[in-house]
Amino acid sequence: MKILVPVKRVIDYNVKVRVRQDGSGVETVNVKMSMNPFDEIAVEEAIRLQEAGRAEEIVAISIGAPQCQETIRTALAMGADRGILVETEQDLEPLGVSKVLRECVDRESPDLVIMGKQAIDDDCNQTAQILAGLLDWPQGAFASTLKFSDGRVDVTREIDGGLETLSLLLPAVISADLRLNEPRYVKLPNIMKAKKKPLDTIPIEELGIDVAPRVSTIKVEEPPARSGGIMVASVEELVDKLKNDAKVI
Amino acid sequence: MTDTNPPSERFLDAIRGALGPGACITDQAGIEPYVTEWRGILRGRCSLVTRPTSTAEVSRILSICNEARVAVTPQGGNTGMVAAALPQGGIVLSTERLNRIRELDSDNAAMVVEAGCVLKDLQDAAGQVGQLLPLSLGAEGSCHIGGNLATNAGGTMTVRFGNARDLVLGLEVVLAGGEVWDGLRTLRKNNTGYDLKHLFIGSEGTLGVITAAALKLFPGLGSTETVLAALNTPDDVLKLFVRLRVQLGDDILGFETFPSLGLKLARKHIPDIRDPFAGDYPQYALVEAFSHRRDPVLRESLNEAFATALDDGLILDAVVAESQAQSDALWRIRESIPEAHAKEGATIRHDVSVPVSKVPQFLTAGKTLVEQRLPGVRVIAFGHIGDGNIHFNLLQPEDMAKDRFLARMPELNRAVHDLVDSLGGSFSAEHGIGMVKREDLARYRPAVELRMMRGIKSLLDPNHIMNPGKLFLPEDLG
Ligand SMILES: Cc1cc2nc3c(=O)[nH]c(=O)nc-3n(C[C@H](O)[C@H](O)[C@H](O)COP(=O)(O)OP(=O)(O)OC[C@H]3O[C@@H](n4cnc5c(N)ncnc54)[C@H](O)[C@@H]3O)c2cc1C
């Protein structure tokens, strides 16, 4: 089996995100960037499949600026075999990303695409689903367990109110949820080895697809600061405040 | 002599009259947290807690207490390790309401802050303007900057930025008689006689009350990288440190070590601690590197330094944090070690330092020494090896009763401290003296030093109202 794993470079999960002075977006200059945590889970799952003898090759792919190579190198250091960077300075929307990925799927012919259920920067949670739609492949979103058997994969997914298990025919698109696994730490020897693994760069123009944005951002602003809470002395006062000040009862 | 009896009504009225509303606590339940030690070993006693909101109020309290000869124990976050903030009668002067940032001057890279500011809040305030207050320790969410200065706290950035002392430009202090010394200068150069602020730093509340401090700031952390390396011996950890210092120089922000047992107990007792490696290794080194800039080269040079160490067989393996979450998780291992072994059983702790080059020698000799005296004792030696500062903690033998083990404390302390002394080291590297190490102070510091210390104490606090029973044994002060 050959697995394609898309990985996105995002602002590190633990960084306090700040809005740019001019309101055009969030500040990314001088900010720590890391691999999207859900993508890390996807990479980990692919590696476990390889270690279990189910996958022959893992290809990590990222779309974006040249710095996304770092994110691909992380995937390679975790255990992916080779990387592809589709280079663009433009911010792509999920539709654009999915189109690029479809193109890559056409070129690489993987049996499986595993990706994060959403990216923590825009929280869109659309790309896996759109990609499956474009490819007309079965999809298993929010996977928490995968079980493979002859040409099929059983995906246990977290849904409102419980778990649901779908049986998909391969090839398929799967999106990883938090509980699928816990990604490993990257070991130093593997970082050194990863430097020698192949990483191809494709300028996005070469793919000849329309990735123009469909949505334009007018303005980004901080949410209003929360005003501090107050202490009430009695239930009567609480009721009074809820009725007359907060006007919620 | 200082009165440690319950205060008279007249005294209470005078204090109440000198302070604003809400400043005094006199009921036992309210006082309880101020006489309780987080270690749960010793207890303090006092019948009044004062919580002044200004330097002027502190001055009034001290002048009344000095007049009435009532003992005053300054207290910050009460997180200290040696019961230095536990009152032994008299009153507590808590800094919790002295918590304003008076000035934050980015251009001068300095901030002037009141003693009761919580360290974490100051780190955050500096961070907000892209600056760094490089003092960081496990208690930073509760300890006060005044407490940090009064104990000259160390922590995990000492290897690069020094102790709390090294971050101070000036102090405001209320002297024992109530007089205010405004030494809040923010000068980088000032050679005008004795540098008095250093007397108060590390004085553990025995000379006066620090009410405010001018602190140095540094450019913020642009990039940080965290590596956990596995090694065979403490000797190898030292070799790695020496080598990285040459290769990375000032890029090293932190350099800590802990043994296999430290990690094992952390995994056993603390939730969400993972072993970053698959195998079990004897010793670990946690290395934090940084640059003031956003610096991709940092990661490269760090990786290369560790790769060479791996090729040379100096380290056995290493993991590199790929995200802040992973970095935090690696640090959490180091930070949960004290709590983990406290959960495992009774411990006898030592906070010692020796010249950095002698750490391995100390560890080998120390281990042999305590194991000979008490077979089955489990040594967990961990900490700030880059500063030559080791927390040499002894965990009770598995089959021994707690109190029988703790009864051996004086003997084991003595053996360890004698060894440290013979290596030119210190029996208290960063935690201070308080009530716990007064005998050691009297034993290990030369007579001439003790004489100077007593002279300073008598000069600045002639009536001995400031934190009596700490630092000196009462009989030593006469
Ligand atoms: C989890 C944990 C980790 C720690 N890690 C470290 C570490 O890595 N390095 C290290 O050095 N220490 C460490 N400590 C101990 C450290 O000394 C204290 O946490 C801290 O520096 C004391 O601050 P505090 O405000 O709690 O002071 P307190 O405990 O309240 O007081 C300590 C002493 O200072 C005096 N004092 C307090 N405020 C003033 C003032 N305004 N004027 C005059 N005297 C005053 C008190 O009288 C007392 O003698 C740690 C403690 C904990 C609980």
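Residues numbered from 1 in each chain as written. Chains lettered and ligands numbered in written order. Predicted model: local features only at pLDDT ≥ 70, side-chain atom pairs only at ≥ 80, totals over all residues.

Regarding the overall build of chain A
Just so we agree on the cut-off: Only DSSP runs of H or I with at least four residues qualify as helices, and only runs of E with at least two residues qualify as strands; both kinds are numbered from the N terminus onward. Buried, partly exposed and exposed are defined by the number of other C-beta atoms within 10 Å of a residue's own C-beta, namely 20 or more, between the two limits, and 12 or fewer respectively, with C-beta atoms placed from the backbone. Contacts are defined on C-beta atoms placed from the backbone: any two residues whose C-beta positions lie within 7 Å are in contact.
Counting its secondary structure elements, chain A contains six helices and twelve strands. Projected onto its principal axes, the C-alpha coordinates of chain A cover approximately 70 × 45 × 40 Å. Across the 249 residues of chain A, 37% fall into the buried class. Relative to all contacts within chain A whose residues are 6 or more apart in sequence, the contacts with residues 24 or more apart total 69%.

Some details on the nonpolar core
How we decide: The term nonpolar core refers to a group of buried residues, namely Ala, Val, Leu, Ile, Met, Phe, Trp, Tyr and Cys, whose C-beta atoms join them within 7 Å.
Residues Val5 and Ala60 of chain A together with Ala213, Leu215 and Ala229 of chain B are the most contacted members of the largest nonpolar core, which totals 186 residues. Once residues lying within four places of it in the same chain are set aside, the contact partners of Ala60 of chain A are Val5, Val7, Val43, Ile72, Ala75, Leu76, Ala80 and Gly83 of chain A.

Structural notes on the site of the ligand
Residue and element names in this part refer to chain B. Selection criterion: Here, nearness means that the C-beta atom of a residue, built from backbone geometry, sits within 6 Å of the molecule or strand in question. Amino acids outside the nonpolar list (Ala, Val, Leu, Ile, Met, Phe, Trp, Tyr, Cys, Pro) and the charged list (Asp, Glu, Lys, Arg) are all regarded as polar, and Gly is one of them. The split of the chain into domains comes from an automatic or database domain assignment.
In the vicinity of the ligand there are 34 residues, among which Gly76, Gly138, Gly146, Gly147 and Gly205 approach most closely. Among the secondary structure elements, those contributing two or more residues to the shell around the ligand are strand S3 (72-75), helix H5 (145-150) and strand S10 (208-216). Examining the composition of the shell around the ligand, we find that four residues originate from one element, H5, more than from any other. Across the shell around the ligand, the residue classes break down as twelve nonpolar, 19 polar and three charged. Built from parts of two domains, the shell around the ligand gets at least three residues from each of domain 1 (9-97) and domain 2 (101-219).

Points about the domain arrangement of chain B
In terms of domains, chain B is made up of domain 1 (9-97), domain 2 (101-219), domain 3 (223-332) and domain 4 (345-431). Put simply, the middle of domain 1 of chain B and the middle of domain 4 of chain B, counted by C-alpha atoms, are 34 Å apart.

Observations regarding helix H13 (residues 359-373) of chain B
Formally: Expected helix span is computed as 1.5 Å times (number of residues minus one).
With 15 residues, H13 of chain B extends 21 Å between its outermost C-alpha atoms, agreeing within 8% with the 21 Å of an ideal straight helix rising 1.5 Å per residue. As for H13 of chain B, its buried residues are in contact with helix H8 (234-248), strand S18 (378-382), strand S19 (389-395) and helix H15 (409-422) of chain B.

Re the interface of chain A and chain B
Convention followed: By definition, two strands form a pair when at least two bridges between them are found by DSSP.
Each side of the interface is counted separately: chain A has 16 residues, and chain B has 17 residues. Elements supplying a minimum of two residues to the side of chain A that touches chain B: strand S3 (33-35), strand S11 (186-187) and helix H5 (188-194) of chain A. At four residues, H5 of chain A tops the list of elements feeding residues into the side of chain A that touches chain B. Of the residues in the side of chain A that touches chain B, the class split is nine nonpolar, four polar and three charged. For S11 of chain A and strand S15 (residues 317-320) of chain B, the ladder comprises two bridges, and the chain directions are antiparallel. Note on S15 of chain B: the bridge partner recorded for Lys187 of chain A is Val319 of chain B.

A look at the sheet that holds S3 of chain B
Residues and elements named next belong to chain B. An order of S1-S2-S4-S3 is seen for the four strands of this open sheet, with the pairing classed as mixed. Of all strands in the sheet, those with a lone pairing partner are strand S1 (24-25) and S3, marking the two edges. Where strand S2 (residues 48-50) meets strand S4 (residues 91-94), three bridges bridge the pair, whose relative direction is parallel. Following the sheet pairing, Leu48 is matched in S4 by Ile91.

What about the environment of Glu67 of chain B?
Residues and elements named next belong to chain B. Take Glu67: it is sitting in helix H3 (residues 55-68). Taking the C-beta count within 10 Å as the criterion, Glu67 has 14 such neighbours and is therefore assigned partly exposed. Residues Glu67 and Gly177, spaced 110 residues apart in sequence, show a C-alpha to C-alpha distance of 7.9 Å.

Remarks on the sheet that holds S10 of chain B
Residues and elements named next belong to chain B. Just so we agree on the cut-off: Note on geometry: axes are C-alpha line fits, over the in-contact stretch for helices, and angles between N-to-C directions span 0 to 180 degrees.
With respect to topology, five strands assemble into an open sheet ordered S5-S6-S10-S8-S9, the strand pairing being antiparallel. This sheet does not close on itself; its edge strands, each paired only once, are strand S5 (101-105) and strand S9 (180-183). The sheet shows a mean angle of 15° between the axes of neighbouring strands, taken without regard to direction. With four bridges joining them, strand S8 (residues 168-175) and S9 adopt antiparallel strand pairing. From the neighbouring strand, Leu171 faces S9, where its bridge partner is Gly183.

Brief notes about the pairing of strand S7 (residues 139-149) of chain A
Residue and element names in this part refer to chain A. When S7 meets strand S10 (residues 172-176), the two strands line up parallel, connected through three bridges. By the bridge assignment, Gln139 is partnered in S10 with Val173. Here S7 folds back onto strand S8 (residues 152-159), and the loop between the two strands holds two residues, one of which, Gly151, carries a positive phi near 65°.

Comments concerning the pairing of S4 of chain B
Residues and elements named next belong to chain B. The side-chain alternation of S4 yields two buried faces, one formed by Ile91 and Leu93 and the other by Val92 and Ser94. Two elements, S3 and S4, share four bridges in a ladder whose sense is parallel. Residue Val72 lies in a different strand from S4, and its bridge partner there is Ile91.

Remarks on the environment of Thr28 of chain A
Here Thr28 of chain A is to be found in the loop between strand S2 (9-11) and S3. Exposure remark for Thr28 of chain A: the 15 C-beta atoms within 10 Å place this residue in the partly exposed category.

Points about unusual backbone geometry
Note: most peptide bonds trans; most residues except glycine with negative phi. Backbone torsion omega between Leu170 of chain A and Pro171 of chain A reads 0°, so that peptide bond is classified as cis. The phi dihedral of Asp123 of chain A is positive, around 55°, even though this residue is not glycine. For Asp123 of chain A, the position within the fold is in the loop between strand S6 (112-116) and helix H4 (127-135). The exposed category is assigned to Asp123 of chain A, around which 8 C-beta atoms lie within 10 Å. Although it is not a glycine, His464 of chain B sits at a positive phi angle of roughly 55°. Checked against the element boundaries, His464 of chain B lands in the loop between helix H17 (447-460) and helix H18 (474-477).

Here we look at the packing of helix H1 (residues 9-18) of chain B against H3 of chain B
Residues and elements named next belong to chain B. Put simply, the test is: Small angles under 35 degrees read as roughly parallel and large ones over 145 as roughly antiparallel, with 65 to 115 read as roughly perpendicular and the rest as oblique. Left-handed is the label given to a crossing in which the near helix is rotated counterclockwise from the far helix by less than a right angle, and right-handed is the label when the rotation is clockwise.
Between H1 and H3, the least distance of the axes is 9 Å, while the angle of their chain directions is 165°. By the angle between their axes, H1 is roughly antiparallel relative to H3. Pair H1 / H3 crosses with right-handed handedness. Two secondary-structure elements touch here, H1 through Phe11, Ala14, Ile15 and Ala18 and H3 through Glu57, Arg60, Ile61, Ile64 and Ala68.

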